[in-house]
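Next come the chains, spelled out residue by residue.
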4 protein chains.
Amino acid sequence: MPFSSRSAAPPAAPPSSLDPGIGVNFGRPTRRAINHDGSFNVLRRSSRSHVHDLYQELITLSWGPFMALLMGVLTLVNVLFAGGYLLLGLDNLSGTAALSHIPPFLQAFFFSVQTFTTVGYGSISPNSIGTGVLASVEALTGLLMAALATGLLYGRFSRPRAGILFSHTALMSRRADGTRNLQFRVANRHRSTLVDLRARVLLQFTDANGNRSYQDLPLERESVYFFPLNWTIVHDITPESPLHNLTAADLAAREAEILILLKGYDDTFAQDVHSRNSYRFDELEWDRRYVRAYDIREDGILVLDLDRLHETEEIQGL
Amino acid sequence: MPFSSRSAAPPAAPPSSLDPGIGVNFGRPTRRAINHDGSFNVLRRSSRSHVHDLYQELITLSWGPFMALLMGVLTLVNVLFAGGYLLLGLDNLSGTAALSHIPPFLQAFFFSVQTFTTVGYGSISPNSIGTGVLASVEALTGLLMAALATGLLYGRFSRPRAGILFSHTALMSRRADGTRNLQFRVANRHRSTLVDLRARVLLQFTDANGNRSYQDLPLERESVYFFPLNWTIVHDITPESPLHNLTAADLAAREAEILILLKGYDDTFAQDVHSRNSYRFDELEWDRRYVRAYDIREDGILVLDLDRLHETEEIQGL
Amino acid sequence: MPFSSRSAAPPAAPPSSLDPGIGVNFGRPTRRAINHDGSFNVLRRSSRSHVHDLYQELITLSWGPFMALLMGVLTLVNVLFAGGYLLLGLDNLSGTAALSHIPPFLQAFFFSVQTFTTVGYGSISPNSIGTGVLASVEALTGLLMAALATGLLYGRFSRPRAGILFSHTALMSRRADGTRNLQFRVANRHRSTLVDLRARVLLQFTDANGNRSYQDLPLERESVYFFPLNWTIVHDITPESPLHNLTAADLAAREAEILILLKGYDDTFAQDVHSRNSYRFDELEWDRRYVRAYDIREDGILVLDLDRLHETEEIQGL
Amino acid sequence: MPFSSRSAAPPAAPPSSLDPGIGVNFGRPTRRAINHDGSFNVLRRSSRSHVHDLYQELITLSWGPFMALLMGVLTLVNVLFAGGYLLLGLDNLSGTAALSHIPPFLQAFFFSVQTFTTVGYGSISPNSIGTGVLASVEALTGLLMAALATGLLYGRFSRPRAGILFSHTALMSRRADGTRNLQFRVANRHRSTLVDLRARVLLQFTDANGNRSYQDLPLERESVYFFPLNWTIVHDITPESPLHNLTAADLAAREAEILILLKGYDDTFAQDVHSRNSYRFDELEWDRRYVRAYDIREDGILVLDLDRLHETEEIQGL
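Residues numbered from 1 in each chain as written. Chains lettered and ligands numbered in written order. Predicted model: local features only at pLDDT ≥ 70, side-chain atom pairs only at ≥ 80, totals over all residues. Heavy atoms only, no water.

An unreviewed UniProt entry annotates chain A as Ion transporter of Hymenobacter elongatus.

And the structure:
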C-alpha cells in the first residue's frame, strides 16, 4: 500500500491549529504531550475492569516482574492446594508414611507440585474420595494454567515492537548556505527488517493557560523504502515555517514541543509498526550537526553503531 | 497508510440514497439497524455448519460461559472414559484392590483423570489389553485436548477488541453563535494505545413501509492521530445537512437512526480495529452539551474518567 | 483505510486487454481460469521442497484427513519406540513380569504411550541404561510433538477464511425498463462480521487457440460498508459494456468467463480477507432474477437463509 | 486496499536522485546494496541487547541449527539438574537402590528427564526435603520450557514468508520491433496463494568514490491481481530511460545495480508480504529472452516448473 499511497494527492494545507487528538484547551499547566516511550500523560479511571486489560498488562509488563509474578502465582496455587491436602489429612495420601521425616506441609506441597505439573511419581498418591477429588481438580487446573502460561509467553514474544531508536536530542542545525533546519535521527533498534518508513512531525505551542496549538512541519523527505542504516529527518526552516526566526528563548516561552509519528512495516513479522516521540524546547541543541553513526569496514560492509546515533558536533565556521 | 490516505482526493458527493449494505426496501417494520454492541439484527440460517464457526463461537463467548463449558467438557470426557474402565472391569486395573473403600465409579474416574491429565501416579495402572488400549487412547486424547485448550485460550486473549466506549446518548447541541450540531463522544475503553482513528457517520430514515434511505453526515473533523483522551465527533447542521430544521418530532416520524463507523489502529497489538454503533431518535438529547470528562491533577497528569463520558448539562442562556 | 480509498481518484480506463496476471497467450485449450473454491488450474513443480510448505499443507488440509494423519503419526511413532524397547528386551523394563499375560509387543507399546504422553504410571519403568536413554528420548520427543500439535491446531483454527458464499449461477437479468444487467449474489458464510467489502469483476474471452483477453466490468456499486445480509453485485450492460448485444451463443463461442475478486475486513479476527470465484458462460441464467433470501420475523429480526441465496425466478412479462 | 490505491493519482515525477533510504555519500567502496536474500550489507552494533532480538533470532534461524540448539538446551538443563541430584546424594532419591547397576550420574539424569518432562514413573522419587524442592523446581521449569518451545515452534511455522522466487539473472532483451527492455521473472516459491502483487524497480549507479545515485525505472505493468504462474516484469528502455543507449561496459563502469521491491498479499495467511532483490551489472544477460516456464497438460492444467524460471535463450535474427 505505501507505494501507491505515497503518490496520492498532496496533503491539504494544514488548518491554522490542527488538533491531532490530544486536546486544545486545558486552562492550566499540563505535562509534555508525548513521553519518550511514546506514551501520553493520561490516566484512565473506570468503574469497570476487563479481562482483556489484564492480558494486555501481562503482555506488556517487563520480563523481570513478569517472571516473578508467574513464579509467585504458581507457588501460591501450589501452597493453596497443599493446604487443602493438609486439611483433608495426610493419611488420605498413601506413601506419606515413608516420608515421615519430612514436615507435613512439605509432604503436601511436594504432592501438590507433582499433581499440578502432572509429574505424578506416585510415591505419594490419593487414597480417599476427598484427596482423589482435590487431586483431580488440581491436575486439570495445572493443565489449564500450563495452557495459559503458553499463551502468555507466546503473546509476549510475538507482540510487535516498533523498536525505533530516536536520537536523544533534536538539532537546530544549519546548512552550508546558512539556511536553518530542524533535524533528528532515527534507527532500527532491533534486528528485524523495517521497510516503507514514513514520518509526520507536528509543532505544539502551549500558552500560559495551558492551551495548546498545533502546526504541521513539512519534511524534506517524508518516507524511505528501506531502513538498514539511520535516517535523518529534516524540516527546513523556510520563511513559511512556524519556526522561522524563533530563538531558543521564544521556543521556551511557548513551551514548544516537537511531536513525531513514525510508521513502517516490519518485514520479519509482517506487521505495521508505529512509533511516537517528542522533543521539548529544552531537548534541542542549537548550531550543531550529527556525526556519522556508521563505519565502512575494509570488506565493504557498513557497521552501524547505535550508541553513536546521539553524537553531535559543533558546526564550524559559523 | 492513514497519513497519506487522509490526504486523498475529497469524498465524492454522496448519492441521494446511499445503501451502506444493510438494505433499502423491506416492506415491513424491522428493528434498529445497528445495536449498541455493533451487531446487526440479522439471523443466519444454513443447512451446513462449519468447524470454523464453532471455533469462532468459542472465541467470542464471554468468560463465564466459556469456562463453564470447558470444565463441563473436561468432566464429561473423563466420565465417559471412567465408564469405559468400569465396563472393562476394575480388576483390569491393578492397585484398585487397595482402594476398595472408594466407590468403583470414583476409582475409575480418578484413574481416568490421572490418565487424561497425564499425572499417572501409578497407584492405579492398567494390567490388561483392554484397559491398556483404553488408557493409551485417553492419554493421547488428553494431549490433544490440552493442545486445543491452549489454542482456545490464546485465541480468546489475543483476539482484537476495538473497545471504543460511546457516550450513552448523542446530543443535538448548539454553539455560542446559535448554530446547531449533532455530537457524541468516544473514548478508548482499554489500556491499549489507539492511533489514527477515523469516523464516518450516516443518517438513516425509515418510512412507514419499513423502507430505508441513507445519507452521509459530514464531520467537523474526520480523524485524529492520537486518542489518549476522549474525542467529541461533531456534525454541523448547516443548511445543507439533512438534519437542518428537523425537530425531535420530525426525527421520530422518520425513525431516524445515526449510524457510526469508527476505525483505528491498535498500537499495542498492531491490528486495525473497527467499531460500530448507532443512536436512534429516542437516544438524542436536545439542547445539552457534554461535561468535561477529565481532570488535570496538580502534577500536570490528565485523569480521564470513563464513567463521566456520558455526563451532559443543559446549555445556559438559550 | 477503506473510507478514504473509496474516495480516491476514479479508476483509470481499462486497457483494451488487461491481463490480471493469469496469462494471455497459451496456444492451446486450458481449463477455466478460476475454480469455484478460488483456486487456479495450475500445478507447481520444483526440485526443492520447504518446511513452510509442509506446515501450510497441514494447515489447509480438511479436518478428516488431518485428524487421521495426526493419529496415524502418533501411532507410528509409538510403534517405532515400542519396537525399540522390544529390541532392547522387556527384561530391561521392570514391572513387565507382572504383565506377562499381555503380548510382549503390547507391553512395549503401552510403556511407549505412557512415556510419550508423559503419563508415566510407573507400573512399567526402565531399569537399564538402554531403556533409560530411549525412554528419555521418547519423553522429550513427546514434549516437542505436543508442542507441534498445539501449534498446528491453533494454526488451523486461527487461519482466516473469507467464507464468502457465491450464488451457484450468475444471472443475465433485466430491469423493468428493459435494460440488461449481469448480476450475482454473495453472502457471508460464517458468523464473523465482515465490513468494507469491495468487488472487482473482469470478463475473460478465450479464442480457439486458447489465447485470452480481459476486460473490466464496471459495477453499479463497488463496495458496501456492512455485510449482514446478502449483496447483489450488478454490472449494467450499457452500450459501452463488452457484453452489449451478445447472446448466449456468442458467449459460448468466446468461452466467456466472469472473474470475480472480493475483498473485505473480518472484524472478528481483525484480518483482511479475499475471495475469488468465476462464472463460465454455461453458469449464466438468462432472463431470471433472484428471489429474496431473507424473511422479516414478527419481532422485526431479519432471518437470512443461506440455502436460498441461489434461488431465482423467471422475470414475468418480458 | 489495492483496488483503489492502484487507481490513485499518478506517481510524482521522480527526483533526479532519489535516495530510497540506503544512503548516498559513502566516500569509499561498499558492497552491493541488496543481497539476493533481501538483506542489506549492514551490521548493527549496540551496547544494549533485547529479549525481543533473541526471540527473533530463534524464529529466523534455519531448522537444522534450531533443532540442534533446542536439543542442546534441553540436554544441558537436564544435565544441570542431574548434577544437582548427585550433589544432594542419590540416597535422597528412593528407588535408586534397585538401579545400582546403572552409573550414578545416569540414574540422576534419568530421574531428571522423568521430572522435567513430567513423565514421573515413580520408580525413582524424591524422599528428602532437598530433592523434593529441587524436583518441584525442575517440574515447574519443565512446564515453562514446554510452553516456550510451543511458542517458538508456532512462531517459526506461522512466520510469513514472501517466498518470491526471482530468476537468477535479469535480461537486457529486445522486442521484435527492435526496442530494448530490461526484464526479469518472478514466481511464487510456496503453495500459498499470493494476490495483488505490485513491483517497484530502481536503478542505482555508484561512482568511484562509492557515492550512489538512484532513479526510478517505470514498468510496463506495475501490478497483477493474481499470481498463479510466473510474472515477467518489464522496463521499456525508451529514450527517457536512464538505461537508454548504455552498453554493458557503461553499466559496469557505473557499477549499476537494479533494486527491486515486490509486495503482495498472502491469501492463505492473510498477511502482506514483501520481497527485495537486486541484479548487479554482472547479473544481466544481453540479447536473450526467457523460455516459457510452464507446460499445458492434455487435460488443460498448466504445470509451472520453478526450476525453469531461470531458463533463457538467444534472440534469433538480431
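After that view, the rundown keeps rolling.
K.L.:
How should I be thinking about the overall build of chain A in this particular structure?
P.N.:
For chain A, the count of helices and strands is 6 helices and 17 strands. Computed over the C-alpha atoms, the radius of gyration of chain A is 29 Å, more than 25% above the 20 Å expected from 2.2 N^0.38 for a compact globule of 318 residues. Along the three orthogonal principal directions, the C-alpha set of chain A runs to about 90 × 60 × 40 Å. By the burial criterion, 59% of the 318 residues in chain A qualify as buried. (Helix = DSSP H or I, 4+ residues; strand = E, 2+ residues; numbered from the N terminus. Rg over C-alpha atoms; globule rule 2.2 N^0.38 Å. Buried < 20%, exposed > 50% of the residue type's maximum accessible area, 1.4 Å probe, protein only.)

K.L.:
Teacher, can you tell me more about the UniProt feature "domain: Inward rectifier potassium channel C-terminal" (unreviewed entry) in chain A here?
P.N.:
Look at the UniProt record and you will see "domain: Inward rectifier potassium channel C-terminal" (unreviewed entry) annotated at residues 164-316 of chain A. For residues 164-316 of chain A, the helix share is 4%, the strand share is 53%, and the end-to-end C-alpha distance is 30 Å. (UniProt positions renumbered as here; feature names shortened; annotations may be inferred.)

K.L.:
Honestly, the interface of chain B and chain C in this entry has me stumped. Any pointers?
P.N.:
For interface size, the figure often reported is the accessible area lost on association. Across the contact, 78 residues belong to chain B and 73 residues belong to chain C. Between chain B and chain C lies a buried interface of about 6,800 Å² when both sides are counted; carbon and sulfur atoms form 63% of it. Ranking the residues of chain B by area buried against chain C places B:R44, B:R45 and B:H52 at the top, with a combined share of 11%. Connecting chain B to chain C are 6 salt bridges. Close ionic contact of B:R276 with C:D267 constitutes a salt bridge, the shortest N to O distance being 3.0 Å. (Contact = heavy atoms within 4.5 Å. Buried area = accessible area lost by both parts, 1.4 Å probe. Salt bridge = Lys/Arg side-chain N within 4 Å of Asp/Glu carboxyl O.)

K.L.:
In this structure, what is going on with helix α5 (residues 129-158) of chain C? I would like to understand it.
P.N.:
Residues three or four positions apart in an α-helix share a direction because the helix packs 3.6 residues into each turn. Here α5(C) contains 30 residues, and its C-alpha end-to-end distance of 43 Å stays within 8% of the 44 Å for a straight helix at 1.5 Å per residue. N-capping of α5(C) is provided by C:S128, with a side-chain oxygen placed 3.4 Å from the backbone N of C:G130. (Expected span 1.5 Å × (residues − 1). Polar contact = N/O pair within 3.5 Å; in protein donor to acceptor, adjacent residues only side chain to side chain.)

K.L.:
Would you mind showing me how to read the pattern of salt bridges here?
P.N.:
Here the idea is simple: oppositely charged side chains can pair when their charged atoms come close. Per the counting criterion, the structure on display carries 68 salt bridges over all chains. For the salt bridge of B:R221 with A:D19, the shortest nitrogen-to-oxygen distance reads 3.9 Å. Pair noted here: B:R221 is in the loop between β8 (212-216) and β9 (223-226) and A:D19 is in the loop between α1 (2-6) and β1 (42-45), and the two residues belong to different chains. Take B:R221: its relative accessible area is 26%, and that puts it in the partly exposed class. A single salt-bridge network, built from bridges that share partners, covers A:R31, B:R297 and B:D299.

K.L.:
Help me understand the packing of helix α5 (residues 129-158) of chain A against helix α4 (residues 104-116) of chain B in this model?
P.N.:
Packed helices, taken two at a time, are described by their axes: the angle between them and the distance between them. Look at α5(A) against α4(B): their axes get within 10 Å of each other, and the N-to-C directions meet at 25°. The orientation of α5(A) relative to α4(B) falls into the category roughly parallel. The handedness of the crossing between α5(A) and α4(B) comes out as left-handed. Where α5(A) approaches α4(B), its residues A:I129, A:G132, A:V133, A:S136, A:L140 and A:L143 are matched on the opposing element by B:L106, B:F110, B:V113 and B:F116. (Axes fitted to C-alpha atoms, helices over the stretch in contact; angles between N-to-C directions. Parallel < 35°, antiparallel > 145°, perpendicular 65-115°, else oblique. Left-handed = near helix turned anticlockwise from the far one by under 90°.)

K.L.:
Where do I start with the sheet that holds strand β1 (residues 42-45) of chain D in this structure?
P.N.:
In sheet architecture, strand pairing relies on hydrogen bonds along the backbone and comes in two forms, parallel and antiparallel. Pairing in this open sheet of 3 strands is mixed, and the strands run β15(A)-β16(A)-β1(D) from one edge to the other. Each end of this open sheet is capped by a strand with a single partner; those strands are β15 (294-296) of chain A together with β1 of chain D. On average, each strand axis in the sheet is inclined to that of its neighbour by 20°, with strand direction left out of account. (Pairing = 2+ DSSP bridges.)

K.L.:
Is there a simple way to explain the relation of the copies chain B and chain C in this structure?
P.N.:
Both copies of the chain are placed relative to one another by a rotation about an axis and a shift along it. Screw-axis analysis of chain B against chain C gives a translation of 0.0 Å along the axis, an RMSD of 0.0 Å, and a rotation angle of 90°. With respect to symmetry, the two chain copies, as superposed, fit the operation of a four-fold axis. Both copies present different contact surfaces, since only 13% of the interface residues of chain B are interface residues in chain C too. (Least-squares fit on C-alpha atoms with pLDDT ≥ 70 in both.)

K.L.:
Quick question: what am I supposed to make of the nonpolar core here?
P.N.:
If you look at soluble globular proteins, the nonpolar side chains tend to sit buried side by side. B:Y85, B:F111, C:Y85, C:F111, D:Y85 and D:F111 are the most contacted members of the largest nonpolar core, which totals 69 residues. In contact with D:Y85, other than residues within four places in its own chain, are D:L90, D:L93, D:A108, D:F111, D:S112, D:T115, D:T131, D:L134, D:A135 and D:E138. Membership of the second largest hydrophobic core comes to 52 residues, among which are A:L58, A:A149, A:Y154 and B:L144. (Core = buried A, V, L, I, M, F, W, Y, C linked by side-chain atoms within 4.5 Å.)

K.L.:
What am I meant to see in the environment of A:D177 here?
P.N.:
You can see A:D177 is positioned in the loop between β5 (170-174) and β6 (180-188). A distance of 2.7 Å separates a polar atom in the side chain of A:D177 from a polar atom in the side chain of A:T179.

K.L.:
What am I meant to see in the UniProt feature "domain: Potassium channel" (unreviewed entry) in chain A here?
P.N.:
As recorded in UniProt, the sites labelled "domain: Potassium channel" (unreviewed entry) are residues 100-152 of chain A. Across residues 100-152 of chain A, the secondary structure splits into 70% helix and 4% strand, with the terminal C-alpha atoms separated by 39 Å.

K.L.:
Got a minute to help me understand the pairing of strand β16 (residues 302-305) of chain A in this structure?
P.N.:
Across a regular strand the side chains alternate sides, sitting on one face of the sheet and then on the other. Of the two faces of β16(A), the one holding A:L302 and A:L304 and the one holding A:V303 and A:D305 are both buried throughout. In the sheet, β15(A) pairs with β16(A) via 3 bridges, with the strands oriented antiparallel. When the sheet's bridge partners are listed, A:I296 is paired in β16(A) with A:L302. Looking at chain direction, β16(A) and β1(D) are connected through 4 bridges and run parallel. Residue A:V303 lies in a different strand from β1(D), and its bridge partner there is D:L43.

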